[in-house]
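Remarks on the overall topology
The lines below spell out each chain.
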Amino acid sequence: MQGQKLKFFSLCLFLILSFGAKTQNFVEVQTERKGDVEVYHIAKMDLLIENGNLSLQTTDKTPSFLQQINICKEKSTCKLLYNNKLKEGFLFVEPSKEIKEGCNVYHIKNKSIISLGYLSFAAYTSENGERMNYNSILPYISVIRSDKRTLLFFNTPIVVFFPNSTKEQILESKNFYHTLENNTFVLQNYK
């Protein structure tokens, strides 16, 4: 298993270096809980999640409400990857279901929130010594900006594409990546 991880991270490092020196990483922002509200503090703004609604508010001298959208009807788990220098980030929202089927993706940029659609992937992993199963993809998502391209990778060897559907496929994540195009992440195969 260690050998596979080393190969995977070596591949990621090679890709990052081969795309040029202008590479920016998006890092995970920790959430703060205030009662039933999850708060992410980013670039003079707060991203708040409460009762299935996502709202963006400024935190400068004159706090103001920027935008609010409904992101989920049921309980969910979120992961925010953000780059302070670019003032841009991606929020991944995964419904809390026993078998994971993917997550909704939101792009935070220029004080606005844009839905990028659904990322239909689950991690095919073993947790706590149990057999392989469809688990959350959130811990394995990474995003980088290389020059003008935004790339999304999965840092786990095996994933399930379209889990729990008739189109389901088990894929090795070393064989593909995603690029951000026209407000959606598009699957790209390595050539």
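In the block above lies the structure referred to throughout.
Residues numbered from 1 in each chain as written. Predicted model: local features only at pLDDT ≥ 70, side-chain atom pairs only at ≥ 80, totals over all residues. Heavy atoms only, no water.

Once that is clear, we can look at the pairing of strand S6 (residues 53-58). Where strand S5 (residues 45-50) meets S6, six bridges bridge the pair, whose relative direction is antiparallel. Across the sheet, Ile-49 pairs through a bridge with Leu-54, a residue of S6. As consecutive antiparallel partners, S5 and S6 are separated by two residues, and within that stretch Asn-51 has a phi angle of approximately 50°, a positive value. (Pairing = 2+ DSSP bridges. Helix = DSSP H or I, 4+ residues; strand = E, 2+ residues; numbered from the N terminus.)

Turning our attention to the nonpolar core. If you look at the biggest cluster of nonpolar residues, it comprises 21 residues, and the most contacted ones within it are Phe-92, Phe-121, Ile-141 and Phe-154. Looking at this core, the elements that each hand over two or more residues are strand S9 (88-95), strand S10 (103-109), strand S11 (112-119), strand S12 (121-125), strand S14 (141-146), strand S15 (149-154) and strand S16 (158-161). Apart from residues lying up to four places away in sequence, Phe-92 is in contact with Thr-77, Cys-78, Lys-79, Leu-81, Cys-103, Asn-104, Val-105, Leu-119, Leu-138, Ile-141, Val-143 and Leu-152. Ile-42, Cys-78, Leu-91 and Val-93 belong to the second-largest nonpolar core, a separate cluster that totals 18 residues. (Core = buried A, V, L, I, M, F, W, Y, C linked by side-chain atoms within 4.5 Å. Buried < 20%, exposed > 50% of the residue type's maximum accessible area, 1.4 Å probe, protein only. Contact = heavy atoms within 4.5 Å.)

Glancing now at unusual backbone geometry. Look at Lys-44: it is not a glycine, yet its phi comes out positive at around 60°. Relative to the helices and strands, Lys-44 is located in the loop between strand S4 (37-42) and S5. Judged by its relative accessible area of 66%, Lys-44 is exposed. Of note in this structure, Lys-111 is not a glycine but carries a positive phi near 60°. Locating Lys-111 in the fold gives a position in the loop between S10 and S11.

So, about the packing of aromatic side chains. Aromatic ring pairs: the centre-centre distance and the angle between the two ring planes describe each pair. With the rule as written, the count across this model stands at ten aromatic pairs. For the pair Phe-121 and Phe-176, a centre-to-centre distance of 5.7 Å together with 20° between the ring planes defines the contact as stacked. Taken together, the residues span a long stretch of sequence, with Phe-121 in strand S12 and Phe-176 in strand S18 (residues 176-181) at a distance of 55 residues. Residue class for Phe-176 comes out buried when judged on its relative accessible area of 4%. For the pair Phe-154 and Phe-176, a centre-to-centre distance of 6.1 Å together with 70° between the ring planes defines the contact as edge-to-face. Of this pair, Phe-154 sits in strand S15 while Phe-176 sits in strand S18; the two residues are 22 residues apart in sequence, bridging distant segments of the chain. (Phe/Tyr/Trp six-rings, centres within 6.5 Å; stacked < 30°, edge-to-face > 60°.)

A few words on the pattern of salt bridges. Within the structure shown, the criterion is met by four salt bridges. With a shortest N-O distance of 3.8 Å, Glu-32 and Lys-34 are connected by a salt bridge. (Salt bridge = Lys/Arg side-chain N within 4 Å of Asp/Glu carboxyl O.)

An order of S13-S12-S16-S17 is seen for the four strands of this open sheet, with the pairing classed as antiparallel. Edge positions in the sheet fall to strand S13 (133-135) and strand S17 (169-172), since each of these pairs with one other strand and no more. The average undirected angle you get between the axes of adjacent strands in this sheet is 40°. Pairing geometry for S12 and S13, over three bridges, is antiparallel. Looking at the pairing, Ala-123 lines up with Asn-135 of S13. (Axes fitted to C-alpha atoms, helices over the stretch in contact; angles between N-to-C directions.)

Let us now look at the environment of Ser-173. Within the secondary structure layout, Ser-173 lies in the loop between S17 and S18. As for Ser-173 and Val-160, which are separated by 13 residues in sequence, their C-alpha atoms are 9.4 Å apart. A polar side-chain atom of Ser-173 sits 2.2 Å from the main-chain carbonyl oxygen of Thr-156. (Polar contact = N/O pair within 3.5 Å; in protein donor to acceptor, adjacent residues only side chain to side chain.)

Take the sheet that holds S11 next. If you trace the five strands from one edge of the open sheet to the other, you get S2-S8-S9-S10-S11, paired in antiparallel fashion. The strands lining the two open edges of the sheet, one partner per strand, are strand S2 (27-29) and S11. Between one strand and the next, the sheet's axes are offset by a mean angle of 30°, whatever the strand orientation. The sheet contact formed by strand S8 (residues 76-83) and S9 spans eight bridges and is antiparallel. Residue Lys-79 lies in a different strand from S9, and its bridge partner there is Phe-92.

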